[in-house]
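Listed below are the residues making up each chain.
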Amino acid sequence: ETTGSVSPPCWCLNDGVCQDGTCVCPEEWVGPLCELANFCEASIYTESTAEGILKNLTFQRIIVGRYSYSLEKCEPDTVNGNRSKAIRMCTRVGKIPTLQRPHILNCNENLDSLASQVETADFSNISAIASNTQILTSMPNQLTTQSISTAANIAVNILRKPNISTDSQASASVMATVSQLLDANETEFNHNNLIDVTASLTRTMEEFSLTSNITQSNIAIQSVPLKLNSSSILFSAQKDTELGYLLSTKLEVQENVPGLNGDLNTEVQILLNILNNNNGRAGFVLYQNSKFFKSRIYKSHGSFSKRIVSGNVDGGRTSGVELAFSPKYNTSELQLRDHACVFWDYATNDWSTVGCTKGRDQFLRCKCNHTTNFAVLMSFQIKYKYAKPLEYISYIGIGLSMAGLVITMLFQIFTRKTRKSSITWMLVSLCFSMLIFNILFISGIENRNAGNYGSDTARYDQQFQAYNTSDNTLLTSDLVDPPADPWCTAVAVLLHYFLLATFMWTALNAAQLYLLLLRAMQPLPGRFIVTMSVVGWGIPAMVVAITFGVTYREGKALNYRQEEFCWLAGLDENHNFSMEKPMLWSFLLPVALILLFNFIVFINITISVIWRDNKNLTRNKKDSFMKRAISTISIVVVLGITWTVGYLMLINQEETSLIFSYVFCILNSTQGLQICILYTFRSPIFKRKVSEVFPVFSMLEIPVYLHSEIYYVSKAHLAKHAKETFRPSTTVSEDISLSTLSNCS
């Protein structure tokens with residue numbers, strides 16, 4: 001009996017972790033078993049000053065390929081007060097980490113003074129200027145637009161010095177400076193006055209690449225002589241997965257190759273097809289990000305970088321250039337949607353697709369007629385975690401609520417004469433808005449893109465052949481919205497409107513109950529129902545119209561709604577709750593104000609009416625605790641107080657939020673059913689009608705007492721108006737329940 005292959009065990013040293021038979025080492029160690037040191041130990045370097053005084057410079061442990069700053073600082077009263085006096089790099093010679101000599105800063109020099117010296121400096125002083133510039137730019141997060149511009153100009157002037165490539169110290173310092181500039185804050189490159197500076201720097205780098213081989217963390221330069229028989233030159237680079245930067249041993253140049261290679265470990269390749277070779281040279285520059293190439297058209301929003309590669313030929317010309325990028329463009333958060341092959345057009349200082357075609361297999365491929373800076377610009381779509389179908393608890397609760405709301409509305413309409421009162425327009429309006437919201441929610445809340453998202457991606461992956469010459473168009477952004485879904489946007493608008501209307505009608509019901517119960521001796525305002533209708537349906541319409549008009553734009557529907565499901569947008573690109581999204585100011589805040597108003601009315605009614613003791617009542621007429629509790633629950637339900645649980649779901653604690661989610665779902669998905677039970681099934685008229693139709697279901701009436709005397713409605717017809725007033729009965733009558741009183745209007 002045979003079993004599948006099993007990865008052999010590995011015995012990793014120095015805290016290495018064995019994964020799939022291979023040791024994954026911490027950054028301080030490398031090698032198959034993490035046995036090789038990848039750092040230089042802490043050191044003290046003794047320097048001699050001009051006065052012959054010996055001074056120590058102390059450096060902490062340094063990872064190979066990185067710099068460390070001296071613990072000693074410049075004096076506070078100098079130009080560079082409190083800045084480290086020196087930096088020191090750790091490199092590898094064979095397998096042995098080796099410390100380089102420190103670069104010592106002149107504490108009285110700054111970038112401006114260095115810039116004034118570099119143009120007239122002789123060859124002997126260039127190295128010192130380059131080293132000081134490197135030290136002054138060694139804290140990229142502190143660089144400003146002005147300091148970037150000054151440092152770039154210094155680098156350009158140094159690289160243009162004759163035979164500068166023969167000074168390895170100066171060349172390495174300049175490349176380190178350029179690499180550090182590429183680590184500066186992205187926002188500092190958004191100023192237009194940097195465009196000409198960075199364009200001059202990249203052109204100079206192309207010329208310098210013909211004579212040098214230098215690698216830094218964010219930039220790599222490789223030069224190669226062209227032989228007479230060379231017909232093609234392939235430059236390739238691999239990013240070291242352990243150290244996180246480009247190593248010179250990972251850069252390779254091959255001649256007379258048939259084409260691009262298929263090694264998936266190669267992250268970037270550029271193939272130059274050479275014509276009329278005259279023993280010239282070819283040079284390549286690889287930038288780890290695109291900060292020197294700011295586009296006015298293509299806007300970046302994501303945090304992923306875009307590598308730029310350039311090829312330059314001297315003493316020959318090319319018939320074309322082929323490129324292949326193998327980025328990790330599909331992640332758990334993003335999905336590649338499109339890409340464009342571009343080159344940097346120095347005439348316009350922007351990207352252009354002229355003369356370039358694109359293709360895709362395991363690589364992103366390009367063919368261009370140029371030999372200058374190239375990039376593959378990519379657009380991504382967020383991998384939205386679409387909402388799962390509604391759980392059974394939601395289907396059951398909403399289904400029962402919809403049935404209850406329909407029964408309540410029909411009962412209110414068809415029994416208005418039997419009850420000898422006008423239709424309870426307020427309750428019918430509340431039930432109607434809640435019913436429409438429930439119908440929309442259960443049928444349209446799920447985004448239809450959730451069903452075809454995977455198929456759309458598959459179709460995109462299959463549409464590319466070797467090269468596609470018809471659609472290599474310059475992209476406008478690295479993040480794109482998913483396929484447009486007008487249906488989802490319409491559902492979000494309607495849900496927004498009817499849910500706001502539902503809350504507005506709960507507030508109007510609260511106002512009506514306040515007038516009926518706490519100001520019973522005063523008449524209702526004139527045209528009460530008309531006024532309430534305008535407020536109940538009109539104000540939500542205004543809020544929705546303003547929100548939609550302010551946030552929605554063609555092609556930018558996600559400014560208004562979410563993609564995961566058809567509801568208002570509330571999160572930013574980083575999935576954090578955003579104060580700028582409409583969820584907050586067009587829904588949560590208005591609803592919070594309504595619920596606060598409802599809660600105040602609820603407290604007043606509860607204290608002043610339901611739970612108030614009346615000493616004039618006889619003992620047997622006093623309300624029981626159960627009756628009062630049911631009356632309280634009835635007010636809670638019709639005023640939507642249970643929706644306050646939704647705000648508790650915002651608590652950023654998973655277990656607590658989950659508990660409140662279930663409570664919220666149970667209470668509010670069944671709100672319509674609760675209204676039906678409390679305001680229809682418990683009504684004496686409903687019980688009597690059911691008893692008449694189905695005697696076997698004769699129900700016992702259990703009224704909920706609110707007052708010791710009943711209030712009848714009488715109408716005094718004055719002029720063209722009908723004015724409603726309330727007067728207490730002069731005779732003792734049976735007490736009325738809350739459901740009966742709330743039906744009065």
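Computed from a predicted structure; not experimentally measured. (Residues numbered from 1 in each chain as written. Predicted model: local features only at pLDDT ≥ 70, side-chain atom pairs only at ≥ 80, totals over all residues. Heavy atoms only, no water.)

S.K.: Just checking my understanding: could you explain the overall build of the chain for this structure?
M.R.: What the chain contains, in helices and strands, is 17 helices and 27 strands. Taking all 745 residues of the chain together, 50% fall into the buried category. In the chain, once contacts between residues fewer than 6 apart in sequence are set aside, the share between residues at least 24 apart is 70%. Working note: accessible area of the chain is about 37100 Å², and carbon and sulfur atoms make up 57% of it. (Helix = DSSP H or I, 4+ residues; strand = E, 2+ residues; numbered from the N terminus. Buried < 20%, exposed > 50% of the residue type's maximum accessible area, 1.4 Å probe, protein only. Contact = heavy atoms within 4.5 Å. Areas by Shrake-Rupley, 256 points an atom, 1.4 Å probe, with all protein chains shown as cover.)

S.K.: Quick question: what am I supposed to make of a nonpolar patch on the surface here?
M.R.: A contiguous nonpolar surface patch, about 490 Å² in accessible area, is contributed by Met542, Ile546, Val550, Trp585 and Leu589. Counting residues per element, the ones that place at least two in the nonpolar patch are α10 (528–551) and α11 (582–610). Here the nonpolar patch takes 3 residues from α10, the largest share from any one element. For Ile546, the location among the structural elements is in helix α10. (Patch = residues over 30% accessible without salt bridge, like charges linked within 9 Å, V, L, I, M, F, W, Y side chains within 5 Å. Salt bridge = Lys/Arg side-chain N within 4 Å of Asp/Glu carboxyl O.)

S.K.: How should I be thinking about the pairing of strand β23 (residues 356–360) in this particular structure?
M.R.: Within a regular beta strand, the side chains point alternately toward one face of the sheet and then the other, so they alternate between its two faces. β23 sits mainly inside the fold: 5 of its 5 residues count as buried. Residue alternation in β23 divides its side chains into two sets, Cys356, Lys358 and Arg360 and Thr357 and Gly359, and both sets are buried. Summarising the sheet, β23 and strand β24 (residues 364–368) pair through 5 bridges and their orientation is antiparallel. Bridging across to β24, Cys356 finds its partner in Cys368. Where β23 folds back onto β24 in an antiparallel hairpin, the turn is made up of 3 residues. (Pairing = 2+ DSSP bridges.)

S.K.: Explain the state of the cysteines here, please?
M.R.: In a disulfide, the sulfur atoms of two cysteines are held together by a covalent bond. With the rule as written, the count across this model stands at 7 disulfides. The side chain of Cys40 participates in a disulfide bridge whose partner is Cys90; the two sulfur atoms lie 2.0 Å from each other. Its torsion about the S-S bond being 75°, the disulfide of Cys40 and Cys90 is classed as right-handed. Remark: Cys90 occurs in strand β10 (residues 86–93) and Cys40 occurs in strand β5 (residues 39–40); sequence separation between them is 50 residues. The pair formed by Cys40 and Cys90 is uniform in burial state, with each residue classed as buried. Disulfide pairing is shown between Cys341 and Cys366; the S-S distance is 2.0 Å. The sign of the S-S torsion, about -80°, decides the handedness of the disulfide formed by Cys341 and Cys366: left-handed. (Disulfide = S-S within 2.5 Å.)

S.K.: I tried to follow the pattern of salt bridges on my own but got confused; where do I start?
M.R.: Pairing of side chains with opposite charge becomes possible as their charged atoms draw close. Tallying each qualifying case throughout the model produces 6 salt bridges. Linking Arg61 and Glu41 is a salt bridge whose minimum nitrogen-to-oxygen distance equals 3.7 Å. Of this pair, Arg61 sits in the loop between β7 (54–59) and β8 (62–63) while Glu41 is found in the loop between β5 and β6 (43–48), placing the two residues 20 residues apart along the sequence. Taking the relative accessible area as the measure of exposure, Arg61 reaches 45% and is therefore partly exposed. By relative accessible area, Glu41 is classed as partly exposed at 48%. A salt bridge links Arg561 to Glu563, with the nearest nitrogen and oxygen atoms 3.3 Å apart. One exposure class covers both Arg561 and Glu563, and it is buried.

S.K.: Sorry if this is basic, but what is going on with unusual backbone geometry here?
M.R.: In terms of backbone geometry, most residues other than glycine have negative phi values and most peptide bonds are trans. Of note in the backbone geometry, Asn14 takes a positive phi value of approximately 55° without being a glycine. The residue Asn14 is located in the segment before β1 (17–19) in this model. Residue class for Asn14 comes out partly exposed when judged on its relative accessible area of 29%. The phi torsion at Asn256 lies on the positive side, around 50°, for a residue other than glycine. For Asn256, the position within the fold is in the loop between β16 (246–255) and β17 (268–275).

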